[in-house]
Amino acid sequence: SLRCGWVVADEHFTRRAWRLADLYGNAQPFAPDWLAARALPYLPALRQRARTLLDTNRATFEAWARTREDITHVPAAYGTTICVQPTAVDVSTLCAELRTRFEVSVVPGHFFEMPHHVRIGLSVEPRVFREALARMGACLDLIRQAEGDS
């Protein structure tokens, strides 16, 4: 990913921050920095693309979530991820099954101190996101059915 950070401060602080960045970030890759700087003139278009993508996927998720009785979440108007709590299946089982059988990756909650949740990223193309949600729904159904048969 491309990242370009800014420091708005007095000159003395800025010089100190620059020196610390040089000291601790001595292996900064040139290409991403150069590309990020080249992208600056296009920020309005990039921002609009990102907002459209996130808003589209957020709306898609909310519509999908309304059809599911086996998850809970807190709707969020902003952000690039959504935290979801599966209510009828084990999170570890869900993550493993999604990854191995459905080729979908979510972030298990134990990585962000919410062990009963998963984090779903919104920063993918809408077609891919819709397919991932369909697969997640199929996975949730499969696990519930298997646990019900046990």
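So, here's what we can say about the structure. Quantities reported herein were computed from a predicted structural model and do not represent experimental measurements. (Residues numbered from 1 in each chain as written. Predicted model: local features only at pLDDT ≥ 70, side-chain atom pairs only at ≥ 80, totals over all residues. Heavy atoms only, no water.)

## Quick look at the environment of Trp18
Looking at the element boundaries, Trp18 is found in helix H1 (residues 11-24). Taking the C-alpha atoms as reference points, Trp18 and Val7, eleven residues apart in sequence, are found 9.2 Å from one another. (Helix = DSSP H or I, 4+ residues; strand = E, 2+ residues; numbered from the N terminus.)

## Observations regarding the pairing of strand E2 (residues 81-86)
Alternating residues of E2 divide into Ile82, Val84 and Pro86, all buried, and Thr81, Cys83 and Gln85, none buried. With three bridges joining them, strand E1 (residues 71-73) and E2 adopt antiparallel strand pairing. Across the sheet, Ile71 pairs through a bridge with Pro86, a residue of E2. As defined by bridge partners, E2 adjoins strand E4 (residues 118-121) across four bridges and the pair is classed as antiparallel. Residue pairing in the sheet places Val84 in a bridge with Val118 of E4. (Buried < 20%, exposed > 50% of the residue type's maximum accessible area, 1.4 Å probe, protein only. Pairing = 2+ DSSP bridges.)

## Section: the nonpolar core
One finds Phe61, Trp64, Leu94, Leu98, Val118, Ile120 and Met136 to be the most contacted residues of the largest nonpolar core, which totals 24 residues. Elements with a contribution of two residues or more to this core: helix H3 (43-66), E2, helix H4 (91-101), E4 and helix H5 (126-149). A total of six residues in this core trace back to one element, the largest contributor, which is H5. Contacts of Leu98, omitting those with residues within four sequence positions, involve Glu103, Val104, Val106, Arg135, Met136 and Cys139. (Core = buried A, V, L, I, M, F, W, Y, C linked by side-chain atoms within 4.5 Å. Contact = heavy atoms within 4.5 Å.)

## Some points on the packing of aromatic side chains
Enumeration according to the criterion identifies one aromatic pair in this entry. Plain terms: the ring middles of Phe61 and Trp64 are 5.7 Å apart, the flat faces sit at 45 degrees to each other, and that makes the pair tilted. Placement of the pair is Phe61 and Trp64 together in helix H3, with a separation of three residues, close to one helical turn. Judged by its relative accessible area of 13%, Trp64 falls in the buried class. (Phe/Tyr/Trp six-rings, centres within 6.5 Å; stacked < 30°, edge-to-face > 60°.)

## Notes on the pairing of E4
Consecutive residues of a regular strand have side chains that alternate between opposite faces of the sheet. On E4, burial follows the alternation: Val118 and Ile120 on one face are buried, whereas Arg119 and Gly121 on the facing-out side are not. As defined by bridge partners, strand E3 (residues 107-108) adjoins E4 across two bridges and the pair is classed as antiparallel. What sits directly across from Pro108, in E4, is Val118.

## Thoughts on the sheet that holds E2
Strand order in the open sheet made by the four strands is E1-E2-E4-E3, with antiparallel pairing throughout. Edge strands, defined here as strands with exactly one partner in the open sheet, are E1 and E3. The strands touched by H3 within the sheet are E1, E2 and E4, with E1 carrying the most contacts at an inclination of about 135 degrees. Sheet strands touched by H4: E2, E3 and E4. Its angle to E4, the strand with the most contacts, is close to 35 degrees. (Axes fitted to C-alpha atoms, helices over the stretch in contact; angles between N-to-C directions.)

## A look at H1
Here H1 contains 14 residues, and its C-alpha end-to-end distance of 20 Å stays within 8% of the 20 Å for a straight helix at 1.5 Å per residue. Burial runs low along H1: only zero of the 14 residues are buried. You can read the cap of H1 off the contacts: a side-chain oxygen lies 3.0 Å from the backbone nitrogen of His12, and it is on Asp10. (Expected span 1.5 Å × (residues − 1). Polar contact = N/O pair within 3.5 Å; in protein donor to acceptor, adjacent residues only side chain to side chain.)

Shape descriptors only; they carry no functional weight alone.
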